[in-house]
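One letter stands for each residue in the lines below.
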Amino acid sequence: MEVNSTFAPFPQVPYGVKRSGAFREAKRAARKAAERSRRAAEEKGMLLDPKKQLRMELKRNSGIGWHRSLQIIKHLEMHERGKGPPIDQAMRERITQIARVVRMGK
């Protein structure tokens, strides 16, 4: 049987270790560190894709939440996991119009 996975399997951790405070604290610290590194990369302008950048900017600049920003992406007919279109002035106007509609709950 051949396995074509590129991901290494997670190590099996005994139940007692998973419940220990030190293990949970280490997992929590790793999550926080990953989030801090993502934020640092975003501040340097090395964002992964235009779609995520658009969602972050919508959240930051217009007060639209993460879920509503996904609705705007759906209105733009941009694939949820795909690369976004290049953002020019016409696209900004279109996004503003869509944001007004989405804010009303449509």
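One structure accompanies this document, and this report is about it.

Thoughts on the side chain of Arg55
- Among the structural elements, Arg55 can be located in helix H3 (residues 50–62).
- A distance of 2.7 Å separates a polar side-chain atom of Arg55 from the backbone oxygen of Trp66.
- Other than its neighbours up to four places away in sequence, Arg55 contacts Trp66, His67, Ser69, Leu70 and Ile73.

Quick notes on the packing of helix H4 (residues 66–75) against helix H5 (residues 89–103)
- Contact geometry of H4 with H5 gives a least axis separation of 10 Å together with a crossing angle of 125 degrees. In terms of their interaxial angle, H4 and H5 are classed as oblique. Regarding H4 and H5, the two cross each other, and that crossing is right-handed. On H5, the residues that touch Arg68, Gln71, Ile72 and His75 of H4 are Arg94, Ile95, Ile98, Ala99 and Val102.
- Among the residues making up the contact of H4 with H5, the classes are represented as five nonpolar, two polar and two charged.

Some remarks on the pattern of salt bridges
- With the rule as written, the count across this model stands at one salt bridge.
- In this structure, the salt-bridge partner of Glu25 is Arg28, at a minimum N-O distance of 3.1 Å. In this pair, Glu25 and Arg28 are both assigned in helix H2 (residues 21–43), three residues apart and thus about one turn of the helix distant.

Topic: the environment of Met56
- For Met56, the position within the fold is in helix H3.
- C-alpha separation for the pair Met56 and Ser69, spaced 13 residues apart in sequence, amounts to 8.5 Å.
- Those residues in contact with Met56, other than ones at most four positions away along the chain, are Glu42 and Trp66.

What counts, and where the lines are drawn
- Each chain has its residues counted from 1, following the order in which its sequence is written.
- At least 70 in pLDDT is required for a residue's local features to be given in this predicted model, at least 80 for side-chain atom pairs to be given and counted, and no such filter applies to totals for whole chains, interfaces and linings, which use all residues.
- Each side-chain value is worked out from all heavy atoms of the structure, with water and hydrogens disregarded.
- Counting from the N terminus, the helices are the DSSP runs of H or I reaching at least four residues and the strands are the DSSP runs of E reaching at least two.
- Here a polar contact is taken to be a pair of N or O atoms separated by no more than 3.5 Å, where protein atoms must pair a possible hydrogen donor with a possible acceptor and residues adjacent in sequence count only if both atoms sit in side chains.
- Contacts were defined at the residue level, with two residues in contact if any of their heavy atoms lie within 4.5 Å.
- Only the stretch in contact is used when fitting a helix axis, every axis being a line fitted to C-alpha atoms; angles between N-to-C directions are given from 0 to 180 degrees.
- When an angle is under 35 degrees it counts as roughly parallel; over 145 it counts as roughly antiparallel; between 65 and 115 it counts as roughly perpendicular; any other value is oblique.
- Throughout, a crossing is termed right-handed when the near helix is turned clockwise from the far one, and left-handed when it is turned anticlockwise from it by less than a right angle.
- For this classification, the nonpolar set comprises Ala, Val, Leu, Ile, Met, Phe, Trp, Tyr, Cys and Pro, the charged set comprises Asp, Glu, Lys and Arg, and every other residue, Gly included, is treated as polar.
- Counted as salt bridges are all cases of a side-chain nitrogen of Lys or Arg within 4 Å of a carboxyl oxygen of Asp or Glu.

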